[in-house]
Amino acid sequence: MSTYKLYYFNGRGRAEISRLIFAAAGQKYEDVRFEREQWPGHKSEMPLGQVPVLEVDGTKLPQSTSMARFLAKQFQLAGKDNFEQAKVDAVVDTINDAITKFLPSRMEQDEAKKQELMNKFFADELPAHLQQLEVLGKLYGNGGAFFVGNQLTWADLYLFEMTNNLLQANGNCLDKHAWLKQNRAEVEKQPKIAEYIKNRPQTPF
Amino acid sequence: MSTYKLYYFDGRGRGEISRLILAAAGQKFEDIRYQKNEWPSHKSEMPLGQIPVLEIDGIKLPQSMTIARFLARQFHLTGKDNLEQAKVEAVADTATDLLNKFGPIIWYQEEPQKKASIDEFFANELPKHLRNLETLAKAYNEGSSFFVGKNLTFADLCVYDVLENILEVDANILDQYPWLKTNGQKVAKHPNVAIYLESRLRTAF
């Protein structure tokens, strides 16, 4: 029985996908959350001076996506063979591409500039990414509502988390994307996920 | 026996890591290279309108790192269990962070901005990435000259590929990083890799 410790800030950010995987798997873990003023005192304890970090039986793993992939594989949420895992990974990488483009507007402090960047992102950038995700859903989803192989994988969990953040900023952004909306609905219905979402801390990011 | 087809531009860029893995594995594949003027007519054949794409037995897989991870798992060039694979991927992600900062400068920028960006990158960005790579090596290499465990994995190939691009600009960047220098030499001397590097055609990127 391995022990798991997740280190991050007190927020969803780049750690939430790992928390969702733990929740879907029903796996206990220590959810260490640093407040902003605590973080400098812990930075040097982390391999790359960054969080999130996953500690598995005392070994520290940095890099949010690799950590999540490890957990997904541990708990059979990654795809049932190498090829399925690759399809799931392709979806995850495509979601990460969208997140990378979303971040500048999310992190902008100046309100006027933030609004401008957000508008530009939603109008000019996001549609192509959402379209790409639907292409992959149709290509790998076997006609079902999950991204790969007719069952829940961490690709579905990752889309769910990203679109939560998008919808908070723009409630209409999925209006033209029925398949993605349906995929979200499937994730929300999962009992362990629904329970987790209900009880998780509400944080600004 | 699966058949593999790799579609990319006629250059290293984001496709070379997969070619290195296939070479290290001694696996034959169809190495399709589009010239810049050929690419537009093939764009719509690719799931996300992007390359590289790997086609395995007729099914297309996009996303350069997903392709690399899949091939590494197929040919046992990743860690031997889930935790080791996560270490390999953490190293590969860290190398990719570096490529994502350096790649756009050499691939897309024009002079004189290119030289200014390169100087800025060498002064302010590169050192911390090289330090991060050495930190992970010390944490995971069990005292060996390879990044994870005691054998060649795609972590070593990924770092080799990324650093090749930077060494082309300044051959001395690893002078202060003896472990990385030795690791690169070991990769280049690996029998299958050595043969590949010797016969590989020079390209502009």
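Residues numbered from 1 in each chain as written. Chains lettered and ligands numbered in written order. Predicted model: local features only at pLDDT ≥ 70, side-chain atom pairs only at ≥ 80, totals over all residues. Heavy atoms only, no water.

Identification of chain B as Glutathione S-transferase from Rotaria socialis is taken from an unreviewed UniProt entry.

Note the threshold: UniProt positions are given in the numbering used here, feature names are shortened, and annotations may be inferred rather than shown by experiment.
An unreviewed UniProt entry lists chain A under the name Glutathione S-transferase, with Rotaria socialis as the source organism. Note on chain A: under the UniProt heading Function (unreviewed entry), the record states "S-crystallins are structural components of squids and octopi eye lens. Contains relatively little if any GST activity."

**Section: the overall build of chain A**
Defined as follows: In this description a helix means any DSSP run of H or I spanning at least four residues, a strand means any run of E spanning at least two, and both kinds are numbered starting from the N terminus. Radius of gyration: C-alpha atoms only; globule rule: 2.2 Å multiplied by the number of residues to the exponent 0.38. Burial classification: accessible surface area is computed with a 1.4 Å probe over protein chains only, and a residue below 20% of its type maximum counts as buried, one above 50% as exposed, and the rest as partly exposed. The contact criterion used is simple: two residues touch if any of their non-hydrogen atoms lie within 4.5 Å.
In terms of helices and strands, chain A carries seven helices and four strands. For chain A, the succession of helices and strands along the chain, N to C, is β-α-β-β-β-α-α-α-α-α-α. Relative to the compact-globule value of 17 Å for 205 residues, chain A shows a C-alpha radius of gyration of 17 Å, a close match. In terms of principal-axis extent, the alpha carbons of chain A reach across some 45 × 45 × 30 Å. Put simply, chain A has 205 residues, and 55% of those count as buried. Excluding contacts between residues fewer than 6 apart, the proportion of contacts in chain A whose partners are at least 24 apart in sequence is 66%.

**Observations concerning unusual backbone geometry**
Residue A:Pro52 is bonded to the preceding A:Val51 through a cis peptide linkage, with omega at 10 degrees. One can find A:Pro52 in the loop between β2 (30-34) and β3 (53-56). Residue B:Pro52 is bonded to the preceding B:Ile51 through a cis peptide linkage, with omega at 15 degrees. Secondary-structure assignment places B:Pro52 in the loop between β2 (30-34) and β3 (53-56). In this model, B:Asp57 sits at a positive phi of 50 degrees, which is unusual for a non-glycine residue. Tracing the backbone through its elements, the reader meets B:Asp57 in the loop between β3 and β4 (59-62).

**Quick word on the nonpolar core**
For the record, the criterion: Here, the term nonpolar core denotes a set of buried Ala, Val, Leu, Ile, Met, Phe, Trp, Tyr and Cys residues that are joined through side-chain atoms within 4.5 Å.
Among the nonpolar cores identified, the biggest contains 129 residues, and A:Ile21, B:Phe147 and B:Phe154 are the most heavily contacted of them. Element by element, the count of residues in this core is highest for helix α3 (residues 82-108) of chain B, at 11 residues. Sequence-distant contacts of B:Phe147, defined by excluding residues within four places in its chain, comprise B:Val91, B:Leu133, B:Ala137, B:Tyr140, B:Asn141, B:Ala155, B:Asp156, B:Val159, B:Trp179, B:Leu180 and B:Asn183.

**Side note on the interface of chain A and chain B**
The line we're drawing: By buried area we mean the combined loss of accessible area, with a 1.4 Å probe, across both parts when two parts are placed together. For this analysis, a salt bridge means a side-chain nitrogen from Lys or Arg found within 4 Å of a carboxyl oxygen belonging to Asp or Glu. Polar contacts here mean pairs of N or O atoms no more than 3.5 Å apart (in protein, one a potential hydrogen donor and the other a potential acceptor; neighbouring residues in sequence count only if both atoms are side-chain atoms).
Each partner contributes residues to the interface: chain A has 28 residues there, and chain B has 29 residues. Interface of chain A and chain B: buried area, both sides summed, is about 2500 Å²; carbon and sulfur atoms make up 54% of it. Where chain A touches chain B, the interface holds five salt bridges. A salt bridge links A:Arg69 to B:Glu89, with the nearest nitrogen and oxygen atoms 2.6 Å apart. Linking chain A with chain B are 21 residue pairs in polar contact (both at pLDDT 80 or more), by the criterion used here.

**A look at the UniProt feature "domain: GST N-terminal" (unreviewed entry) in chain B**
Here the UniProt feature "domain: GST N-terminal" (unreviewed entry) sits at residues 2-79 of chain B. For the annotated span residues 2-79 of chain B, helix accounts for 27% and strand for 24% of the residues, and the straight-line distance between the end C-alpha atoms is 22 Å.

**Some details on the packing of helix α2 (residues 64-74) of chain A against α3(B)**
Our working definition: Axis definition: a line fitted to C-alpha atoms, limited for helices to the stretch in contact. Angles are taken between N-to-C directions and run from 0 to 180 degrees. Each angle is binned into one of four classes, with values under 35 degrees roughly parallel, values over 145 roughly antiparallel, values of 65 to 115 roughly perpendicular, and all other values oblique. By definition, any crossing whose near helix is turned counterclockwise from its far helix by less than a right angle is left-handed, and any crossing with a clockwise turn is right-handed. Residue polarity follows a fixed list, in which Ala, Val, Leu, Ile, Met, Phe, Trp, Tyr, Cys and Pro are nonpolar, Asp, Glu, Lys and Arg are charged, and the others, Gly among them, are polar.
At a minimum axis distance of 9 Å, the contact between α2(A) and α3(B) shows a crossing angle of 160 degrees. On the basis of the axis angle, α2(A) is roughly antiparallel to α3(B). Seen along the crossing, α2(A) lies across α3(B) with a hand that is right-handed. Mapping the contact onto sequence places A:Ser66, A:Arg69, A:Phe70, A:Lys73 and A:Gln74 in α2(A) and B:Asn82, B:Leu83, B:Gln85, B:Ala86, B:Glu89, B:Ala90 and B:Asp93 in α3(B). The class makeup of the residues in the contact of α2(A) with α3(B) is four nonpolar, four polar and four charged.

**Observations regarding the UniProt feature "domain: GST C-terminal" (unreviewed entry) in chain B**
Sites flagged by UniProt as "domain: GST C-terminal" (unreviewed entry) map to residues 81-205 of chain B. Taken as a whole, residues 81-205 of chain B contains 73% helix and 0% strand, while its terminal C-alpha atoms sit 34 Å from one another.

**Describing the pairing of β2(B)**
All names here are of chain B. Under the convention used in this document: Pairing between two strands requires that DSSP report at least two bridges joining them. Call a crossover right-handed when, viewed with both strands pointing away from you, the route from the first strand across the helix to the second goes clockwise.
Here five bridges tie strand β1 (residues 4-9) to β2, and the two strands are oriented parallel to one another. Among the inter-strand pairings, lysine 5 is bridged to a residue of β2, identified as glutamate 30. After leaving β1, the chain enters helix α1 (residues 16-25) and then returns to the sheet as β2, a path that is right-handed.

**Describing the sheet that holds strand β4 (residues 59-61) of chain A**
Sheet strands pair by backbone hydrogen bonding; their relative direction is either parallel or antiparallel. Residues and elements named next belong to chain A. Taken together, four strands build an open sheet; the order of strands is β2-β1-β3-β4 and the sheet is mixed. Strand pairing shows two members of the sheet lacking a second neighbour, β2 and β4, which therefore form its edges. Shown here is a sheet whose adjacent strand axes are inclined to one another by a mean of 20 degrees, direction ignored. Pairing of β3 with β4 involves three bridges; the strand directions are antiparallel.

**As for the packing of α3(B) against helix α5 (residues 126-140) of chain B**
All names here are of chain B. Two elements in contact, α3 and α5, have axes whose closest approach is 10 Å; the angle formed by their N-to-C orientations is 170 degrees. It follows from the interaxial angle that α3 and α5 lie roughly antiparallel. Residues Lys87, Ala90, Val91, Thr94, Ala95, Asp97, Leu98 and Lys101 of α3 pack against Leu126, His129, Asn132, Leu133, Leu136 and Tyr140 of α5. Looking at the contact of α3 with α5, its residues break down into eight nonpolar, three polar and three charged.

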